[in-house]
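Coordinate analysis (summary)
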Amino acid sequence: MNARAALFDLYGDHLRTRGGRASVAALVRLLAPLDIAAPAVRTAISRMVRQGWLDPVRLPQGPGYAVTPKCERRLDEAAARVYGMGGGPWSGRWHVLVVEPVRDRARRERLRADLAYLGYAPLSETTWIGPRPSPELDALRLAAHRFEASFEGDPRALLARAWDLDGIARAYEDWLASAVDLVGSLPARASDDRVFAVRSKLVHGWRNFLFRDPGLPAELLPPGWPGDKARAFFEEEAARLLPAAAAFVDHNLDGAA
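Because the structure is predicted, anything quoted here is derived from the model rather than measured.

Thresholds, definitions, all that
Residues numbered from 1 in each chain as written. Predicted model: local features only at pLDDT ≥ 70, side-chain atom pairs only at ≥ 80, totals over all residues. Heavy atoms only, no water. Helix = DSSP H or I, 4+ residues; strand = E, 2+ residues; numbered from the N terminus. Buried < 20%, exposed > 50% of the residue type's maximum accessible area, 1.4 Å probe, protein only. Contact = heavy atoms within 4.5 Å. Areas by Shrake-Rupley, 256 points an atom, 1.4 Å probe, with all protein chains shown as cover. Lys, Arg positive; Asp, Glu negative; His and termini not counted. Charge placed at Lys NZ, Arg CZ, Asp CG, Glu CD. Core = buried A, V, L, I, M, F, W, Y, C linked by side-chain atoms within 4.5 Å. Pairing = 2+ DSSP bridges. Axes fitted to C-alpha atoms, helices over the stretch in contact; angles between N-to-C directions. Phe/Tyr/Trp six-rings, centres within 6.5 Å; stacked < 30°, edge-to-face > 60°. Arc of directions from axis to C-beta. Polar contact = N/O pair within 3.5 Å; in protein donor to acceptor, adjacent residues only side chain to side chain.

1. Section: the overall build of the protein
- Broken down by element type, the protein carries nine helices and seven strands.
- Here the C-alpha coordinates of the protein stretch approximately 60 × 40 × 30 Å along the principal axes.
- Out of the 257 residues in the protein, the part that is buried amounts to 47%.
- In the protein, once contacts between residues fewer than 6 apart in sequence are set aside, the share between residues at least 24 apart is 74%.
- For the protein, the accessible area works out to roughly 13400 Å², and carbon and sulfur atoms hold 51% of it.
- A gap of 6 Å separates the mean positions of the 35 positive and 32 negative side-chain charges of the protein.

2. Section: the nonpolar core
- Formed by 44 residues in total, the largest nonpolar core has its most connected members in W163 and W175.
- Contributing elements (two or more residues each) for this core: α4 (69-82), β4 (94-99), α5 (105-117), β6 (127-130), α6 (155-162), α7 (165-184), α8 (192-207) and α9 (226-253).
- For this core, the leading source of residues is α7, giving nine residues.
- When sequence neighbours within four positions are dropped, the list of residues in contact with W175 reads L202, G205, W206, F209, A230, F233 and F234.

3. Quick look at unusual backbone geometry
- Backbone geometry places D35, a non-glycine residue, at a positive phi of 60°.
- With respect to the element layout, D35 can be found in the loop between α2 (24-31) and α3 (38-50).

4. Looking at the side chain of H95
- With respect to the helices, strands and loops of the structure, H95 is situated in strand β4.
- Beyond its immediate stretch of four places on either side in the chain, H95 contacts Y120, W128, I129, G130, R132, P133, L137, R146, F147 and E148.

5. Some remarks on the sheet that holds strand β3 (residues 62-67)
- As summarised here, the arrangement of the three strands in space is β1-β3-β2, forming an open sheet in which the pairing is antiparallel. With partners counted over all chains shown, the strands left at the sheet margins are β1 (21-23) and β2 (54-59), one partner each. Taking each pair of neighbouring strands and ignoring which way they run, the sheet shows an average axis angle of 30°.
- As judged from the three bridges shared by β1 and β3, these two strands associate in the antiparallel manner. From the neighbouring strand, A22 faces β3, where its bridge partner is Y65.
- Those strands touched by α2 are β1 and β3, and its axis lies near 90° from that of β1.

6. A closer look at the packing of aromatic side chains
- Applying the stated rule across the entire model yields 14 aromatic pairs.
- Measuring from ring centre to ring centre gives 6.4 Å for W175 and F233, while their planes differ by 75°; the resulting arrangement is edge-to-face. Residue W175 is located in helix α7, and its partner F233 is located in helix α9; the two are separated by 58 residues in the primary sequence. Residue W175 shares its accessibility class with F233, and that shared class is buried.
- The structure contains a cluster of three or more aromatic residues connected by ring pairs, namely Y83, Y172, W175, W206, F209, W225, F233 and F234.

7. Thoughts on α6
- Turning to α6, its buried residues number three or more, namely L158, L159 and A162. Taken end-on, α6 shows its buried residues confined to a sector of 100°, consistent with a single buried face.
- Looking at the buried side of α6, the elements it contacts are β4, β5 (121-122), β6 and α7.
- By the N-cap criterion, in which a side-chain oxygen at the helix start approaches the backbone nitrogen of a residue two or three places on, α6 is capped by D154, the distance to R156 being 2.9 Å.

8. Quick notes on the side chain of R199
- Structurally, R199 can be placed in helix α8.
- By relative accessible area, R199 is classed as buried at 3%.
- Separated by 2.4 Å, the side chains of R199 and D13 make a polar contact.
- A polar contact of 3.5 Å, which involves the side chain of R199, links it to the side chain of Y83.
- Setting aside its immediate chain neighbours within four residues, R199 contacts D13, H14, Y83, A238, L241, L242 and A245.

9. Re the sheet that holds β4
- Read from one edge to the other, the open sheet built from four strands follows the order β5-β6-β4-β7, with strand pairing classed as antiparallel. In the strand order of this sheet, the two ends are held by β5 and β7 (144-149), each with one partner.
- Note that β4 and β6 share four bridges and pair antiparallel. Bridge pairing links V98 to T127 in β6.

So this is what it looks like as structure tokens:
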């Protein structure tokens, strides 16, 4: 886990509900259990400021950083998907985007990554589909025609064409095996900082599925879909480990050394 990803996870999982701000010193302390050094934290903060995710603020504890409105939208949307609150029943219709061709390779790759994160998959270079409209789509300022449409054919075939279901299923199975080992590494009376580290790694690994699985319609997935078992494990363990992890965050936000 790099420093930038760890900061996104920290703000999204803990700080968003605590005012969305923290001093630099607190951020350094909070990422120390993840073996992220202070220079890496400061470099990642600077990058996030340049990208419009954080704003500098003056706090009683010293210089700090607060989430921007853009960051709030991203964190809230991610939380809804991570903790299973987003999506809801599928309407049976697809959200279709027909985007303008992008000639610049770097911009094209950035657009592909952004659309994948928001839950869309390509049918061609310029046509993307998702199971539902993303609330964050407007923030991309994307030049695209948008439609909601039903598919004249077997929707399972369309799903299999757009998403690599076998690859996603294997990713869920691999994640679950590693998550069981990760949680099992905690001793019975683990310290709060160690619980925080394990839970942070658990959440970070699960959050990576935001780039792969947009909440695919359950009725179109194969029987025994491994994502269901993986989600049940994640939700149970994330909730069980939360009190100790939250205590560690609160302790360090209070300015303890």
